[in-house]
Amino acid sequence: MFGGPVHPADLARAGASLATRGPDGSGERVFEHGGLRGGVAHRRLAVLDPSEAGGQPMVDEEQGVSLVYNGELYNAPALRRELEARGARFRSHSDTEVLLRGWLEWGDAVLDRIEGIFAFALADERRGRVLLARDRTGVKPLYWALQNGELIAGSAPRALLALRPGLGATLDHVALAQFLTLLWIPHPRTPWAAIRKLEPGHALVFRDGQLTDRPYWTMPVPSEGPLEVAHLRRALREVTVRQLLADVAVGVLFSGGLDSTLLVRLVLEHRGGPLIGLTAGYDTASQRLETVPDDLVFARQVARADPGLELREVGIDGKASTALRTLEQLAHHFDDPVADPAALTLWQLCRASPDKVLLSGVGGEELFAGYPRHTALRHTRRFASLPPPARRALAVGARSLAGGRAGPLHGARRNLQKLARGCGSSAPPHYWRMMSQLTDRELAALVPTSAGQAMAELDDLSPRLDRVELAEALHFDRTQFLPNLNLAYVDKAAMATGVEVRVPLLDEQLVTLVAPADPTVLVGGGTGKRPLREAARGMVPDAVIDRPKTGFGGPVRRWFRGPSRAVLAERVEAAADTGLVARQAARRIYADAATGRQDLALAAWALVCFSAWFDAYGRRGERG
């Protein structure tokens, strides 16, 4: 907290709210001298230099500068050597001190030099100035609020609420409407009107009660640049090796898919085994309703072929009652809610991990155009270009496809129903509809006072679907969908167990190589990720390279079709009890999910997650 008085006990309480994110140590500092009032608190997850010398807040008393920081700098060894050559003297082996000494040497330009995953606040106590920043792709979160000339910031909204409970007085109804259809909230919104999340690649400067938000990096826009497979293969090796930087053991989240299998091969190529790979197993009934190949089959094949990989299988219970118990345990950690059922699976995998650091293939789909919507974009454009009456008629007719029911052509029926629903509005549909769970009419019925503004904002954020090019689609996915859905749930679920997840496929070196490339080289022959597949040949089995994209994160359809679904119906009713969603509309969504008439299991799950979030946090805000 900066710009006003703060008591050490308040800082300790805010830090305690983040205890699972940093179970290895804690510290607070109140600013008592110079031109800055306030203080900082930190919870430590010790990965580099676990000694007390690496503890935080880290302070240079001579310069009057203090730092709290979450993340890892993968180029810290090189920066340390450069700083030592310039005369810097280090008292620890931590990357935290590299950041501190780097700022003392280069000032805010240190942002152009550091590479990694991070969120930090650096206070120049004597000059009364604070610098806060978030990493380039948004792996680590940073939330902030400006109130009465005070800046309150932290890694989660609950830390801000612990310091200033009044920040939770007013809910952001537009944000909640966006959550109910997308399963996530686009930045800068959060569930609270007074709290914002900092955009990836942005920095805040606070001084004299004034706040400046500026980008220090922007995601490269896809253009016509080349992407040589040899260069890509070399970059993949380099980024994987440097993301092994740790003084603790590093494992891998392993699905048996292309991305995670490639990471396994690159790690074992560099250092050999043993390497622990954590994979999830689901029952047959769950697999049948999700229409995807069994990850466990592929994971076992890879493990049998490579003795350096030690496979740890974690069974995922397909019962709704089990899912609900897990959600209730996680609700405290998802204060900025994300309704992807994969969060529950990831939390269970991280809980089973003996390693404090895990590598993940998250980001591969967004960087290399791996989602089905990327390869189907040409057909989607044609569908979205139909006259509104034709689109509306197809959307109505698509109800007969029963996209939520197993049986012949289940995957095709589900995808066609989703496309028809997304394009069925009178107004020209925009790209965000490709990931929306509700039609405009369904959302308007569910949250009638905020749906219109919520959808208008999303239209402004994404291109029109009838004229969208792959470059525009990828840019939206990389700058909004990726940080606010996939990276958000990975960070929240993993850090709830005290585990740090690293994402080598989003390393700056790889992003700056791939993101500017001609997007047409990424897709072809009905598949995406062409350069990555070519780079993996010879390292990854062809059966893994050529397997279809699964997108399976949790048996959500089984939850709503299974024998214990009544517990979810109760939570949908509880969501309506808040007064923030319309009861009849919520019941219709649940009914469609439970019968499979429409594939609305994820929309119904969002209502369940909303109910759990409201129990944990929403009651402090106003209703209506």
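In case you missed it, the structure is sitting above this.
Values in this document were obtained by computation on a predicted structure and should not be read as measured data.

## Comments concerning the overall build of the chain
So, point 1. A tally of regular secondary structure across the chain gives 26 helices and 16 strands.
So, point 2. Its C-alpha atoms give the chain a radius of gyration of 24 Å, within 12% of the compact-globule value 25 Å for 624 residues.
So, point 3. Each principal axis of the C-alpha atoms in the chain carries an extent, and together these give about 70 × 60 × 45 Å.
So, point 4. Residue burial in the chain is summarised as follows: out of 624 residues, 63% are buried.
So, point 5. Taking contacts inside the chain between residues at least 6 apart in sequence as the whole, the part at least 24 apart equals 74%.
So, point 6. Surface accessibility of the chain: about 22,500 Å² in total, with carbon and sulfur atoms responsible for 51%.

## Some thoughts on the side chain of Lys-197
So, point 1. Position of Lys-197 among the secondary structure elements: in strand S9 (residues 196–197).
So, point 2. From its side chain, Lys-197 meets the backbone oxygen of Ile-185 in a polar contact 2.7 Å long.
So, point 3. A distance of 2.9 Å separates polar atoms of two side chains, one belonging to Lys-197 and the other to Asp-336.
So, point 4. Sequence-distant contacts of Lys-197, defined by excluding residues within four places in its chain, comprise Leu-142, Tyr-143, Trp-144, Ile-185, Pro-186, His-187, Pro-188, Arg-189, Thr-190, Asp-336 and Asn-484.

## Notes on the layout of surface pockets
So, point 1. Put simply, the second largest pocket is a space of about 400 Å³.
So, point 2. Looking at the second largest pocket, it is lined by 18 residues, and the ones nearest its centre are Arg-399, Arg-421, Thr-439, Arg-441 and Glu-442.
So, point 3. Looking at side-chain class alone, the lining of the second largest pocket contains 6 nonpolar, 4 polar and 8 charged residues.

## Description of the sheet that holds strand S3 (residues 58–60)
So, point 1. With antiparallel pairing, 6 strands are arranged side by side in an open sheet as S3-S4-S5-S6-S10-S11. Of all strands in the sheet, those with a lone pairing partner are S3 and strand S11 (210–215), marking the two edges. Recorded for the sheet is a direction-independent mean angle of 15 degrees between the axes of neighbouring strands.
So, point 2. Helix-sheet contacts for helix H3 (residues 95–106) involve S3, strand S4 (65–73), strand S5 (116–124) and strand S6 (129–134), and the interaxial angle to S4 is about 125 degrees.

## Describing the packing of helix H10 (residues 320–330) against helix H11 (residues 342–351)
So, point 1. Two elements in contact, H10 and H11, have axes whose closest approach is 10 Å; the angle formed by their N-to-C orientations is 80 degrees. The orientation of H10 with respect to H11, classified from their angle, is roughly perpendicular. Note on element contacts: H11 touches H10 through Ala-343, Leu-344 and Trp-347, opposite Ala-323, Thr-326, Leu-327, Gln-329 and Leu-330.
So, point 2. Taken together, the residues that form the contact of H10 with H11 break down as 6 nonpolar, 2 polar and no charged.

## Points about the sheet that holds strand S15 (residues 357–359)
Two pairing modes exist for strands in a sheet, parallel and antiparallel, and in both the strands are linked by backbone hydrogen bonds.
So, point 1. Strand order in the open sheet formed by 5 strands is S14-S13-S12-S15-S16, and the pairing between neighbours is parallel. The open sheet has two free edges, formed respectively by strand S14 (309–316) and strand S16 (500–502), since each of these has just one partner strand. For this sheet, the mean angle separating the axes of adjacent strands, direction not counted, is 30 degrees.
So, point 2. Across 3 bridges, the pairing between strand S12 (residues 250–253) and S15 is parallel. Bridge pairing links Val-252 to Leu-359 in S15.
So, point 3. Where helix H9 (residues 295–305) meets the sheet, it contacts strand S13 (275–282) and S14, and its direction lies at approximately 160 degrees from that of S14.

## Quick word on the packing of helix H24 (residues 566–577) against helix H26 (residues 601–616)
So, point 1. Running from N to C, H24 and H26 cross one another at 60 degrees; their axes reach a closest spacing of 8 Å. The two elements H24 and H26 cross, and the hand of that crossing is left-handed. Listed contacts from H26 to Leu-568, Arg-571, Val-572, Ala-574 and Ala-575 of H24 are Ala-604, Trp-605, Leu-607, Val-608, Phe-610, Ser-611, Ala-612 and Asp-615.

Cut-offs applied
- Residues numbered from 1 in each chain as written.
- Predicted model: local features only at pLDDT ≥ 70, side-chain atom pairs only at ≥ 80, totals over all residues.
- Heavy atoms only, no water.
- Helix = DSSP H or I, 4+ residues; strand = E, 2+ residues; numbered from the N terminus.
- Rg over C-alpha atoms; globule rule 2.2 N^0.38 Å.
- Buried < 20%, exposed > 50% of the residue type's maximum accessible area, 1.4 Å probe, protein only.
- Contact = heavy atoms within 4.5 Å.
- Areas by Shrake-Rupley, 256 points an atom, 1.4 Å probe, with all protein chains shown as cover.
- Polar contact = N/O pair within 3.5 Å; in protein donor to acceptor, adjacent residues only side chain to side chain.
- 1 Å grid on protein atoms, 1.4 Å probe; cavity = no way out; pocket = protein on both sides within 12 Å on 5 of 7 lines; lining within 4 Å.
- Points joined across faces, edges and corners; volume = space filled by probe spheres on them.
- Nonpolar A, V, L, I, M, F, W, Y, C, P; charged D, E, K, R; others polar.
- Pairing = 2+ DSSP bridges.
- Axes fitted to C-alpha atoms, helices over the stretch in contact; angles between N-to-C directions.
- Parallel < 35°, antiparallel > 145°, perpendicular 65-115°, else oblique.
- Left-handed = near helix turned anticlockwise from the far one by under 90°.

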